[in-house]
Amino acid sequence: MGTNGSTMLGPLRQGLPPIDPSAASGSATCTLPARYEAVGGARQFTKATLARWELSDRFDDVALVVSELVTNALRHALPEDAPRDPQEAPVKLHLMRWSSRLVCAVRDPSQASPVASEAPDSAESGRGLFLVESFSDGWGWHPSPAPGPEHPPAGSQALRGKVVWALFRLSDTV
């Protein structure tokens with residue numbers, strides 16, 4: 001999982017009805033500044049959103065995944081030499097809920113694909129995507145289109161960044 005291309009949305013489709021954004025029973029977005037303190041803010045936002053959706057029992061797994069996705073965006077997707085404006089919010093966290101699934105998506109400005117790596121046992125980092133894969137029901141990524149005209153000419157839509165997402169299956173009775 002975690003690859004770009006036609007298979008990247010596979011887990012979102014496997015055994016579940018198709019995703020229709022207009023059919024989402026809830027969605028929430030949080031913009032995050034380019035500071036590591038934003039990870040705590042993302043967890044607080046996730047906790048409040050899940051409580052509002054009566055999904056607090058899913059908080060531990062979802063918060064861990066959100067923390068890893070946001071940390072990866074801050075660590076790997078933002079150029080180290082770029083000036084960091086504290087008011088700028090280059091990373092966005094989106095939580096979307098349908099009756100049978102919850103999707104956490106983190107948008108960042110990098111077009112580089114996320115890469116799951118095997119970290120040595122002694123390493124203090126490098127296991128983020130392994131944790132995302134372990135605690136969610138699937139993950140992937142896709143390029144993010146740049147904001148622009150609603151109907152750009154064919155083949156002219158510029159890409160700006162990417163979205164890395166994780167899927168959590170919910171019971172059908174939720």
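Cut-off values and rules
- Residues numbered from 1 in each chain as written.
- Predicted model: local features only at pLDDT ≥ 70, side-chain atom pairs only at ≥ 80, totals over all residues.
- Heavy atoms only, no water.
- Phe/Tyr/Trp six-rings, centres within 6.5 Å; stacked < 30°, edge-to-face > 60°.
- Lys NZ or Arg CZ within 6 Å of the ring centre and 35° of its normal.
- Core = buried A, V, L, I, M, F, W, Y, C linked by side-chain atoms within 4.5 Å.
- Buried < 20%, exposed > 50% of the residue type's maximum accessible area, 1.4 Å probe, protein only.
- Helix = DSSP H or I, 4+ residues; strand = E, 2+ residues; numbered from the N terminus.
- Contact = heavy atoms within 4.5 Å.
- pLDDT = per-residue confidence, 0-100.
- Salt bridge = Lys/Arg side-chain N within 4 Å of Asp/Glu carboxyl O.
- Axes fitted to C-alpha atoms, helices over the stretch in contact; angles between N-to-C directions.
- Left-handed = near helix turned anticlockwise from the far one by under 90°.
- Nonpolar A, V, L, I, M, F, W, Y, C, P; charged D, E, K, R; others polar.

Each pair of aromatic rings is reported with the distance of its centres and the angle of its planes. Under the defined criterion, the tally for this structure stands at 0 aromatic pairs. Lys47 extends its terminal NZ or CZ atom over the ring of Phe59, reaching a point 5.8 Å from the ring centre. Its end group placed over the ring of Trp98, Arg101 keeps NZ or CZ at 5.8 Å from the ring centre.

Moving on to the nonpolar core. Residues Leu32, Val66, Val70 and Leu93 are the most contacted members of the largest nonpolar core, which totals 33 residues. Only strand S1 (26-32), helix H2 (38-52), helix H3 (59-76), strand S2 (91-97), strand S3 (101-108), helix H4 (128-135), strand S4 (138-145) and strand S5 (159-169) provide two or more residues apiece to this core. Top contributing element to this core by residue count: H3, with 7 residues. Val70 has contacts with Leu32, Val39, Ala42 and Val106, leaving out every residue within four places of it along the chain. Core analysis: the next-biggest nonpolar cluster, separate from the first, contains 6 residues, Trp98, Val163, Trp165 and Leu167 among them.

For the protein chain, mean pLDDT is 76; residues scoring 70 or higher make up 63% of the total. For residues 1-17, every residue scores under 50 in pLDDT, and the model assigns this stretch 40 contacts once sequence neighbours within four places are set aside.

Next up on the list: the side chain of Thr49. Relative to the assigned elements, Thr49 resides in helix H2. Apart from residues no more than four positions distant in its own chain, Thr49 is found in contact with Ala28 and Leu95.

Below, the discussion takes up the pattern of salt bridges. Overall, the coordinates contain 2 salt bridges when judged by the stated rule. Between Glu37 and Arg35 there is a salt bridge whose closest N-O contact spans 3.7 Å. Take Arg35: its relative accessible area is 40%, and that puts it in the partly exposed class. Note that Asp108 and Lys162 form a salt bridge whose closest N and O atoms lie 3.0 Å from each other. Pair noted here: Asp108 is in strand S3 and Lys162 is in strand S5, with a separation of 54 residues, a long-range link. Accessibility assignment for this pair places Asp108 and Lys162 in one class, buried.

Looking now at the packing of H2 against H3. Direction vectors running N to C along H2 and H3 enclose 145°, while the axes themselves pass 9 Å from each other. The hand of the H2/H3 crossing is right-handed. Residues Ala38, Val39, Ala42, Arg43, Thr46, Lys47 and Leu50 of H2 pack against Phe59, Val62, Ala63, Val66, Ser67, Val70, Thr71 and Leu74 of H3. When the residues that make up the contact of H2 with H3 are grouped by side-chain class, the tally is 10 nonpolar, 3 polar and 2 charged.

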